[in-house]
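Descriptive analysis of the structure
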Amino acid sequence: MKVLDKLFDRFRPKLTCRDANAFIVEYLDNDLDEATRAHFRQHVDKCPRCTRFLDQYKSTIEMLNSDGRLEAPPELIENTLEYLRSRGVGRS
Amino acid sequence: MLSAKLPGNNPPVVETKFLVADVDLDKLLAGDAGEFEKVVVRESGRLFSVIRRIVREDDEARSVMQETFLQAWQRLDTFRRESRFTTWLYAIGINLARASVRKSSRLSALSDTEFERLQPAFDGDHLVPTEWNPARMAETAERRRIVRDAIDRLPEDYRIIITLRDIEELPTAEAAGILAISDGAARVRLHRARQALRSLLAAYFEDSDSTVSINEGA
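The rules behind the values
- Residues numbered from 1 in each chain as written.
- Chains lettered and ligands numbered in written order.
- Predicted model: local features only at pLDDT ≥ 70, side-chain atom pairs only at ≥ 80, totals over all residues.
- Heavy atoms only, no water.
- Helix = DSSP H or I, 4+ residues; strand = E, 2+ residues; numbered from the N terminus.
- Buried < 20%, exposed > 50% of the residue type's maximum accessible area, 1.4 Å probe, protein only.
- Contact = heavy atoms within 4.5 Å.
- Buried area = accessible area lost by both parts, 1.4 Å probe.
- Salt bridge = Lys/Arg side-chain N within 4 Å of Asp/Glu carboxyl O.
- Polar contact = N/O pair within 3.5 Å; in protein donor to acceptor, adjacent residues only side chain to side chain.
- Expected span 1.5 Å × (residues − 1).

Our focus in this paragraph is the overall build of chain B. A tally of helices and strands in chain B yields 9 helices and 4 strands. Across chain B, helices and strands are ordered from the amino to the carboxyl terminus as β-β-α-α-α-α-α-β-β-α-α-α-α. Taken over 218 residues, chain B has a buried fraction of 52%. Taking the contacts inside chain B whose residues are at least 6 apart along the sequence as the reference set, 70% of them involve residues at least 24 apart.

This is how it looks when you write it as structure tokens:
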């Protein structure tokens, strides 16, 4: 089976930058099958443009995660509970 | 009807007896106000953040969020356990927030053409490199403002998927469920949004004049 896999791999068309770009989300979510993941890595490792792009892409996600969150006003929960009670939530 | 539908290629997510560690779904759906208040306490912060991203005003976001909880309470009998309760709740909130924006239409995001210009360029099948240097970022407070402004400039669909997936860190499948789109469509939307944000942030942090300024047309 492994021999067959290797043979299949040898004749499998190489990924282009465009192909690799389309796999980025699934790659980062660990949703690619093993063979596709290996092909994605092969392309990115040999392509400085895609290596750089992937780094930038990951940095963007990190920035969104660290700086994108909006803080809720401190009294939000209390105000919401008061609003709901005033509209009959909880009254039988 | 505001209930969220899961994409057809996903098995339904059946909620167990407990919604979260301390919320009993059976009691909640039977109209137990105490259980409902636990949901309000647990979800208010995140739901506010998602709605605020859509309506882009604090007061309006608060008002829409409160209306979301009220509608959820009044429509508990329409929840069919085909999705997570939170998926259903967020779908209500997003629908109400979108309706609020349509009513006011006070804020404009990037046009389709502007958004397309922020996607990476390919020469044939080869990626065209662009300068981008996050090391040159501004101070934390300034950076936070820049990142938030960039998110606010995205068209609504892209702003929502980024908020659900990258900021609130919901799994892609749950974000897809809330938006009633397939997992594949959610991934494509997320990818395009991230790529646009990458370009918007690059434009701000660099001297390059070949990219769109983050403040342009805001």
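The structure having been displayed, the exposition proceeds.
What follows covers the interface of chain A and chain B. Listed per partner, the contact involves 42 residues of chain A and 51 residues of chain B. Between chain A and chain B lies a buried interface of about 4,500 Å² when both sides are counted; carbon and sulfur atoms form 61% of it. The interface formed by chain A and chain B contains 9 salt bridges. A salt bridge links B:Arg62 to A:Glu75, with the nearest nitrogen and oxygen atoms 3.2 Å apart. Between the two partners, chain A and chain B, sit 23 residue pairs in polar contact (both at pLDDT 80 or more).

Evaluated as defined, the whole model comprises 21 salt bridges over all chains. The partner of B:Arg148 in a salt bridge is A:Glu71, and the shortest N-O contact between them spans 3.3 Å. Note that B:Arg148 is positioned in helix H6 (residues 140-153) and A:Glu71 in the loop between helix H5 (48-67) and helix H6 (76-86), a pairing that runs across two chains. Residue B:Arg148 is classed as buried on the basis of its relative accessible area of 16%.

This part covers helix H4 (residues 85-104) of chain B. The terminal C-alpha atoms of H4(B), which comprises 20 residues, lie 29 Å apart, in line with the 28 Å expected from a rise of 1.5 Å per residue. Summarising burial for H4(B): 15 of the 20 residues are buried, a large majority.

It is worth spelling out the side chain of B:Ser49 at this point. In this fold, B:Ser49 is placed in helix H2 (residues 33-55). With relative accessibility at 1%, the residue B:Ser49 sits in the buried group. Among the polar contacts made by the side chain of B:Ser49, one reaches the side chain of B:Glu168 at a distance of 2.9 Å. The contact partners of B:Ser49, leaving out residues within four places of it in the chain, are A:Leu70, B:Thr163 and B:Glu168.

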